[in-house]
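Chain residues, written in single-letter form:
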Amino acid sequence: MQEILIDLEDTIKNSDRFYLTANQIGYTQRVVCIKFSDDCKFFMNPILSEKHKIVLNRETDYTDKKEYIIPRYENITVMFQNEAGVPTANQITGQTAEVMCQAIDSLEGIFPSDYGLEILPEFDKAPKEEQQKVINEYVSSLFEFKDVLEKDIKSDDEASKAWDAMRFLAGVSDGSIKVEKKEPKLNRKQRRSMGKII
């Protein structure tokens, strides 16, 4: 793992990128490196557990060099393993949260061209009212797609189980679900055999 972290850090420091993922430089591990001024922070196996406040960003897709409008979250909680492998969670806000959302998309093989609104040259020349109308239609189509996707997940038993498991883990992470350890109830004979009762 150390080799991957060194490679990520060397590569990102010699680029103009804000983030870099292991799969972008030929590794299969789920690692994100985010550059903060001259320092880098690593996130192993990151998962968004909470997402709030959607903003629309203009982003360039590095695969096709085109610009897209993309919805991103401005306030997130991300669960990950740190460099020592210790599970942790951090709340991230602002531009860093938006960068983390981009990075996780990249880990999943999702690009702005997959679901973003491509910005054609005519878009910037159009009046603001026309631009807003196009953006509103795009956002509306995303909500329609979300509804269709949720129906597909609910109709597939395996996908539904995976979805429920992800929601459970997110609930445990954000504290909305409490997990308690309970001792099993043993009868007198079982307790005797364990040496609890003489």
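You'll find the structure just up there.
What you see is a predicted model; the values in this text were computed from it and never measured.

Trainee: Any chance you could break down the overall build of the chain for me, citing the residues and the numbers?
Mentor: Scanning the chain from terminus to terminus reveals seven helices and six strands. Across the chain, helices and strands are ordered from the amino to the carboxyl terminus as α-β-β-β-β-β-α-α-β-α-α-α-α. Dimensions of the chain, computed from C-alpha atoms along their principal axes, come out at roughly 85 × 45 × 25 Å. For the chain, buried positions account for 29% of its 198 residues. A separation of at least 24 residues holds for 50% of the contacts in the chain among residues at least 6 apart in sequence. Carbon and sulfur atoms make up 53% of the accessible area of the chain, which totals about 13500 Å².

Trainee: Summarise the side chain of Asp61; cite the residues concerned and give the values.
Mentor: Here Asp61 is to be found in the loop between strand E3 (39-60) and strand E4 (67-81). Side-chain polar atoms of Asp61 contact the side chain of Thr63, separated by 2.5 Å. Excluding its chain neighbours within four sequence positions, the residues that come into contact with Asp61 are Lys66, Tyr68, Phe111, Pro112 and Ser113.

Trainee: Before we move on, could you go through the packing of aromatic side chains and cite the residues and values that matter?
Mentor: Under the counting rule described, the total for this entry stands at one aromatic pair. Between Phe43 and Phe80 the ring centres are 4.7 Å apart and the planes differ by 65°, which places this aromatic pair in the edge-to-face class. Taken together, the residues Phe43 in strand E3 and Phe80 in strand E4 connect sequence positions 37 residues apart. As far as the burial class goes, Phe43 and Phe80 line up, both buried. Here Arg17 stacks its cationic end above the ring of Tyr62, 4.1 Å away from the centre of that ring.

Definitions and limits used
- Residues numbered from 1 in each chain as written.
- Predicted model: local features only at pLDDT ≥ 70, side-chain atom pairs only at ≥ 80, totals over all residues.
- Heavy atoms only, no water.
- Helix = DSSP H or I, 4+ residues; strand = E, 2+ residues; numbered from the N terminus.
- Buried < 20%, exposed > 50% of the residue type's maximum accessible area, 1.4 Å probe, protein only.
- Contact = heavy atoms within 4.5 Å.
- Areas by Shrake-Rupley, 256 points an atom, 1.4 Å probe, with all protein chains shown as cover.
- Polar contact = N/O pair within 3.5 Å; in protein donor to acceptor, adjacent residues only side chain to side chain.
- Phe/Tyr/Trp six-rings, centres within 6.5 Å; stacked < 30°, edge-to-face > 60°.
- Lys NZ or Arg CZ within 6 Å of the ring centre and 35° of its normal.

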